[in-house]
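Take a look at the letters that make up each chain.
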Amino acid sequence: MTSSLPVSRPRRRRIRGTAAVLLSAATFAASPAAVAAGRPAGPSSDVRSADGKPTVVLVHGAFADASSWNAVVERLQKDGYRVVAAANPLRGLAADSASVAGVLRSIQGPIVLVGHSYGGAVISQAATGNPNIKALVYVSALMPDKGEVLARLAARFPGSALNPALKKVPFQNADGTTGTDLYVAPDKFHAVFAADLPRKTTSVMAATQRPIAASAFNDKATSAAWRTIPSWATVATRDKAIAPDVERFEARRAASHVIEIDSSHVGMISHPDAITDLILDAARAQSPATPSMARTGFPTLGLAGAVGAMLIAGTGLVTLGRKRPNHMH
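What counts and what doesn't
- Residues numbered from 1 in each chain as written.
- Predicted model: local features only at pLDDT ≥ 70, side-chain atom pairs only at ≥ 80, totals over all residues.
- Heavy atoms only, no water.
- Salt bridge = Lys/Arg side-chain N within 4 Å of Asp/Glu carboxyl O.
- Helix = DSSP H or I, 4+ residues; strand = E, 2+ residues; numbered from the N terminus.
- Buried < 20%, exposed > 50% of the residue type's maximum accessible area, 1.4 Å probe, protein only.
- Pairing = 2+ DSSP bridges.
- Axes fitted to C-alpha atoms, helices over the stretch in contact; angles between N-to-C directions.
- Contact = heavy atoms within 4.5 Å.
- Expected span 1.5 Å × (residues − 1).
- Arc of directions from axis to C-beta.

**Re the pattern of salt bridges**
A full pass over the atoms with the stated rule returns eight salt bridges. Among the ionic pairs, R227 bridges to D145, the shortest N-O distance being 2.7 Å. A residue pair is termed long-range when its members are at least 10 positions apart, and R227 in the loop between β7 (212-213) and β8 (231-236) and D145 in the loop between β4 (133-139) and α6 (150-154) qualify at 82 residues. Put simply, E260 and R248 hold a salt bridge, and the shortest N to O gap is 2.6 Å. Of this pair, E260 sits in strand β9 (residues 257-261) while R248 sits in helix α10 (residues 244-253), and the two are 12 residues apart along the sequence. Accessibility expressed as a relative area gives 27% for R248, which makes it partly exposed. Sharing partners across several salt bridges, the network here consists of D245, R248 and E260.

**A short note on the sheet that holds strand β2 (residues 83-86)**
The parallel open sheet is built from six strands, whose spatial order is β2-β1-β3-β4-β8-β9. Only two strands of the sheet have a single neighbouring strand rather than two, namely β2 and β9. For this sheet, the mean angle separating the axes of adjacent strands, direction not counted, is 15 degrees. Pairing geometry for strand β3 (residues 111-116) and β4, over six bridges, is parallel. Looking at β4, one finds that V112 is bridged to A135. Sheet strands in contact with α10 are β8 and β9, and its direction is about 165 degrees off that of β8.

**Quick look at the sheet that holds strand β6 (residues 178-184)**
Strand order in this open sheet of three strands is β5-β6-β7, and the pairing throughout is antiparallel. Since the sheet does not close on itself, it has two edges, and those belong to β5 (166-172) and β7, each with one partner. Here β5 runs beside β6; their pairing, made up of seven bridges, is antiparallel. When the bridges of β6 are listed, Q172 appears paired with T178.

**Remarks on helix α4 (residues 93-105)**
Relative to the 18 Å expected for 13 residues at 1.5 Å per residue, α4 spans 18 Å between its end C-alpha atoms, a close match to the ideal helical length. Looking only at α4, the buried set comprises L93, D96, S97, V100, A101 and L104. Down the axis of α4, the buried set is contained in an arc of 135 degrees. They therefore lie on one face. Exposed and facing more than 90 degrees away from the buried side of α4 are A94 and R105. Packing partners of the buried residues in α4 comprise β1 (55-59), β3, α5 (118-126), β4 and α6.

Shown next, in the form of structure tokens:
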């Protein structure tokens, strides 16, 4: 854009002076003294997320633990992302969602929330009401709507071999109440859960699996965060735990960005590059700093946003002051 408005020498001096004041203010705001004065600091603060990268929170599903994300965590960290692999208690949708929601509240700044398998139902509920959740990513996951029972959703289309492979183990709580834990029978674990991994690997996974309370699959979802938060989803075409057609139906219903991979149920282990790339697509689509400035305005910006705004303003004013008198681009 061009303009015929000249910039006089006194005007240029005033502009440079204003820029210097803004840059000084930005320098102070980023200084240790400013942090000591009460501004947030530390690995989960806005200072850490000033590069615009969200924190990625990974939630595992049934018959697994947080180590199932190891290969994805390594790749995300290599790309400079802060990652939290949350522990999912696997005791029931309400309790598990509350536990993960607590982890989410402990993180400052934007979050990309990822769930595998049953963990998809957990993140759909845990994300509700948290404005920091910028994207949801579902990996071979359950994505229930509000009021939907997990077992009924999983049985909506044929193709799962999970139910006949389950081993039931009764347990008793400290208060005397009883329940049933579900495991995948070790001799069926490879075929149902992870057929594209070596048997040597799946035998270890079967031995170290964490059970889920059987009652969890009879729980009703109380909310569906994918209705208001952008979502990405993976359909595993060789999944025998959740039927691929269930995953397709859910992703279509949620208007998710979808990829299909030739994978078993545990794509984050057998195809970590593809899963990492999907998470990165979700993370890069958000650009949280700029929309935040446009949406809330300068007065409510955090430390990083205020510093960025002042630096941008200062740079722009200095550039304007250096333009030749008869042109401004």
